[in-house]
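# Reading the structure
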Amino acid sequence: MMYQFIPLLLAACATANPLNKRVSGTSTVNLGNNTGAIKHLASGMIYGIPDTPNQVPDHFYTDIGFNYARAGGAQVGAPGRGWIWGLTEYKNRFASALANYRTTRKYGGQFIFLIHDLWGADGTQNSSAPYPGNNGDWTSWDNYLTQWISDMKANNALDGLSIDIWNEPDLTFFWNAPQSQYIQMWGRTYHRLRNELPTAKLIGPAFAGSPDASNSWWTNYLSFVKTNASVPDEYVWHMEGGGGDMGTAYGNLNSLLKTYGLPMKPINIDEYATYPEQVPAGTAWWISQLERVNAVGLRGNWLSGNQLHDFLASLLGKPNADTSSYSATAGGYWPNGDFQVYKYYNQNMTGYRVGSSPSADLKLDTYATVGSDMVRVLTGVRITSGTWQVTINGLSKVGLPTSGTLNIHTWGFPFTGGHFGQVDAPTDLGWYGHTYSGDSVTFPIYQTDTTTGYAFEFVRG
C-alpha cells in the first residue's frame with residue numbers, strides 16, 4: 001500500500017495560487033527567538049518496557065533519545081498484584097518495577113516510581129481494596145513504605161529516582177476514598193520520603209485534571225502543601241483528555257501559584273496524548289506543545305495486561321502483536337510511523353530551539369530548531385483534516401537574504417499499518433522552491449488525513 005503522503009506532496013508541488021483553499025489558521029516560527037538548548041523534553045514514556053532485560057534491542061531506545069520512564073508494576077497478575085495482596089505479591093510486582101528502573105538507567109534515563117501501583121491500586125483492584133489511611137488507620141501504608149524504602153536501598157535503586165506519591169487521585173479508578181484522606185496521605189508520605197530518601201525527587205500531584213481555579217482538587221492541594229511545607233519538586237499533571245492545551249494549562253498553573261504564594265518548579269506532564277493522538281500528526285503536535293513551555297513529557301500508554309509492559313508505549317510492532325498468539329516475551333520488533341517522528345526529533349533536530357506559536361484554533365503546531373547546517377520545523381495537526389499554513393519569520397537571523405527563493409525539503413511521516421504497522425523511515429517528499437519577501441516565508445499544509453506528520457528543512461546562510 002502506498003504511504004499516505006499526498007497532503008505534503010500537494011504542499012510541496014503547489015500551483016501558482018497555493019492558498020486558494022480556505023486556510024483555517026497559521027502556525028508561526030520566529031527564527032530570531034532563541035529559546036534555549038536542545039533538550040528533547042518529550043522523549044519519555046509510561047510503562048512500555050519489557051520486564052525481561054534486553055528484550056527490546058538497544059537501538060530502539062537510543063534512536064528516539066529515550067530519557068524518562070514511569071512504572072511500578074501495574075497489571076502484573078497474580079501472584080504479583082501488589083502489597084495489599086500480601087508480601088509475595090508485593091515482591092513479584094516490585095521485581096517488575098526494578099527491572100524497568102534498571103533498563104531506564106542503562107540508557108541514562110530518569111525513572112518515576114509509581115508507588116500506588118506497587119501498593120496495588122492500578123485500576124484492576126476490586127471495590128473492597130484498601131487505601132492508605134482508611135478509617136484513620138495508617139499501619140499498612142507505613143509498613144509498606146518501610147518495606148519499599150528498604151528494598152530500594154538494598155537494590156541501589158536511588159540514582160535518577162523520582163517518586164509520584166499517588167497517580168490520578170482525582171479519579172476513583174485509582175483513589176476511591178475522600179479527597180481529604182488523599183491530602184493527609186500526601187503530607188505524611190512526603191515528609192517521610194524526604195527524610196529517608198533525601199536525594200529522590202518527590203513529584204505530584206499527578207492529577208488527571210489540568211490546573212484550574214475551579215478544580216477543588218488543585219486548590220485544596222496547593223493550599224495544603226503551602227501550609228504543610230510539602231511543595232513537590234516538580235508540578236505534575238496529565239494531558240490525556242483529548243482537549244486542552246499546554247499554553248492554557250501553564251498559564252492557569254502560574255495564576256494558582258501566585259494565588260497561594262508558591263514557587264514555580266519544573267513541570268512534568270508524565271502522561272500525554274490519547275490513544276488516537278498517538279500518531280505522527282498528534283505526536284508532532286504534542287512535542288511542539290511541551291517544548292514551548294519547557295515541560296518534560298512522558299507518552300501515555302493505552303495498552304493493558306502484558307502489552308502494557310511491551311512495545312515502548314505503542315511505538316513498536318512485532319509478529320502476532322495484535323493476535324491471540326501474542327507473546328509478551330517474544331522479540332522481532334519493528335518501528336511504526338510514530339517511532340519515526342521521535343527518531344527524527346532526537347537525531348535530526350539539533351542546535352538550539354526557536355520560538356513558535358500554534359494556529360489560533362490550536363489545531364496546527366510547530367517545533368523548530370536551528371542547527372549548524374539547517375533549520376528544521378516539525379509540524380503536526382491535532383487529529384483533524386483541513387488546510388493550514390506555516391509562516392517562518394526572521395530568515396535573515398540564520399544568514400539568509402530578506403527576499404528571494406527558499407528551497408525547502410519536505411519529509412512525511414505516514415502511519416501505515418497503524419500502531420503495530422511497520423514504517424522503516426519517513427517519506428522523502430523532495431525539495432520545492434518558495435518565493436518570499438519581507439524576511440518571511442509562508443507555505444500551506446493540506447492535511448487530507450488525520451495521522452500524517454511532516455518536517456520541513458532548509459539550509460541556513
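What this report covers is the structure whose coordinates are included nearby. The model shown is predicted, which means the values in this text are computed figures rather than measured ones. Here, residues in each chain are numbered from 1, in the same order as that chain's written sequence. The model is predicted, so local features are restricted to residues of pLDDT at least 70 and side-chain atom pairs to those at 80 or more, both for listing and for counting; the totals for chains, interfaces and linings are taken over all residues. Calculation of side-chain values draws on the structure's entire complement of heavy atoms; hydrogens and water are dropped beforehand.

Secondary structure summary: the protein chain contains ten helices and 19 strands in total. Taken along its principal axes, the extent of the C-alpha atoms in the protein chain is 75 × 55 × 35 Å. Burial analysis of the protein chain (461 residues in total) assigns 58% to the buried set. For the protein chain, the proportion of contacts with a sequence separation of at least 24, taken over those separated by at least 6, is 77%. Throughout, the Shrake-Rupley method with a 1.4 Å probe supplies accessible areas, and for residues the shown protein chains are the sole cover considered. Of the roughly 16800 Å² that the protein chain leaves accessible, carbon and sulfur atoms contribute 51%. Only DSSP runs of H or I covering at least 4 residues are called helices, and only runs of E covering at least 2 are called strands; the numbering of each starts at the N terminus. Buried residues are those whose accessible area, probed at 1.4 Å on protein chains only, stays under 20% of the maximum for their type, while exposed residues exceed 50% and partly exposed ones sit between those limits. What makes two residues a contact is simply this: any of their non-hydrogen atoms within 4.5 Å.

To continue, consider the sheet that holds strand E1 (residues 26–37). Taking strand neighbours across the sheet as the criterion, the nine strands line up as E17-E16-E19-E14-E13-E12-E1-E15-E18 in an open arrangement whose pairing is mixed. Each edge of the sheet is formed by a strand with only one pairing partner; in this case those strands are strand E17 (427–436) and strand E18 (440–447). Between one strand axis and the next, the sheet turns by 25° as a mean value, whatever way the strands run. In terms of strand pairing, strand E15 (residues 386–393) meets E18 through eight bridges, oriented antiparallel. Bridge pairing in E18 places Trp388 opposite Ile445. Where helix H10 (residues 337–347) meets the sheet, it contacts strand E13 (364–370), strand E14 (374–381), strand E16 (404–413) and strand E19 (453–459), and its direction lies at approximately 135° from that of E16. By definition, two strands form a pair when at least two bridges between them are found by DSSP. In this analysis, axes come from line fits to C-alpha atoms, helices being fitted only over the stretch in contact, and the angle between any two N-to-C directions falls in the range 0 to 180 degrees.

To continue, consider the side chain of Gln289. You can see Gln289 is positioned in helix H9 (residues 280–292). Separated by 2.7 Å, the side chain of Gln289 and the backbone nitrogen of Met246 make a polar contact. Residues contacting Gln289, with those up to four places away along its chain left out, are Asp245, Met246, Gly247, Pro358 and Asp365. N or O atoms closer than or at 3.5 Å make up a polar contact, with two conditions inside protein: a donor-capable atom paired with an acceptor-capable one, and, for residues adjacent in sequence, both atoms drawn from side chains.

Right, let's talk about helix H6 (residues 179–196) for a bit. The span expected for a helix works out to 1.5 Å for each residue beyond the first. With 18 residues, H6 ought to run about 26 Å at 1.5 Å a step, and its terminal C-alpha atoms sit 26 Å apart, in line with that. If you check which residues of H6 are buried, you get Gln179, Gln181, Tyr182, Ile183, Met185, Trp186, Gly187, Thr189, Tyr190, Arg192 and Leu193. Buried residues along H6 sit in contact with helix H4 (115–119), helix H5 (139–154), strand E5 (161–164), strand E6 (201–207) and helix H7 (216–228).

Where H9 meets H10, the closest approach of the two axes is 8 Å, and the angle between their N-to-C directions is 35°. Regarding H9 and H10, the two cross each other, and that crossing is right-handed. Along its contact with H9, which presents Pro280, Thr283, Ala284, Ile287 and Glu291, the element H10 presents Gly337, Asp338, Val341, Tyr342 and Tyr345. When residues are sorted by character, Ala, Val, Leu, Ile, Met, Phe, Trp, Tyr, Cys and Pro go into the nonpolar class, Asp, Glu, Lys and Arg into the charged class, and all the rest, Gly among them, into the polar class. In the contact of H9 with H10, the residues fall into six nonpolar, two polar and two charged. Helix crossings get a hand from a simple test, with the near helix turned counterclockwise from the far one by less than a right angle marking a left-handed crossing and a clockwise turn marking a right-handed one.

The next point concerns the sheet that holds strand E3 (residues 68–71). Ordered by their spatial adjacency, eight strands build a closed barrel running E2-E3-E4-E5-E6-E7-E8-E9, and the pairing between neighbours is parallel. Across the sheet, the mean angle separating the axes of adjacent strands is 25° when strand polarity is ignored. Sheet topology places E6 next to strand E7 (residues 234–237); four bridges connect them, and they run parallel. Across the sheet, residue Ile203 finds its bridge partner in E7, namely Glu234.

Moving on: unusual backbone geometry. A cis amide bond links Ala78 with the next residue in sequence, Pro79, at an omega value of 5°. Its place among the elements puts Pro79 in the loop between E3 and helix H3 (87–106). With an omega of 10°, the peptide bond running from Gly204 to Pro205 counts as cis. Among the structural elements, Pro205 can be located in strand E6. Despite not being glycine, Asn320 shows a phi value in the positive range, around 65°. Relative to the elements of secondary structure, Asn320 occurs in the loop between strand E10 (316–317) and strand E11 (334–335).

Two faces make up the sheet, and in a regular strand the side chains alternate between them. Buried residues dominate strand E4 (residues 110–114), accounting for four of its five residues. Across four bridges, E3 lies against E4 in parallel orientation. Residue Arg70 lies in a different strand from E4, and its bridge partner there is Ile112. We call a crossover right-handed when, viewed with the strands running away from us, the connection from the first strand over the helix to the second turns clockwise. After leaving E3, the chain enters H3 and then returns to the sheet as E4, a path that is right-handed. One ladder, built from four bridges, connects E4 with E5; its direction is parallel. Bridge pairing in E5 places Phe111 opposite Leu161.

Here we take up the pattern of salt bridges. Whenever a carboxyl oxygen of Asp or Glu lies within 4 Å of a side-chain nitrogen of Lys or Arg, that contact is scored as a salt bridge. This model, assessed by the stated rule, comprises 17 salt bridges. As a salt-bridge pair, Arg70 and Glu271 come within 2.7 Å of each other at their nearest N and O atoms. With Arg70 in strand E3 and Glu271 in strand E8 (residues 267–272), this residue pair connects regions lying 201 residues apart in the sequence. By the burial criterion, Arg70 is buried, and Glu271 matches it. A salt bridge links Asp338 to Arg299; the shortest N-O distance between them is 2.8 Å. Taken as a pair, Asp338 in helix H10 and Arg299 in strand E9 (residues 296–299) lie far apart in primary sequence, 39 residues in all.

Geometric descriptors of this kind do not, in isolation, establish any biological role.
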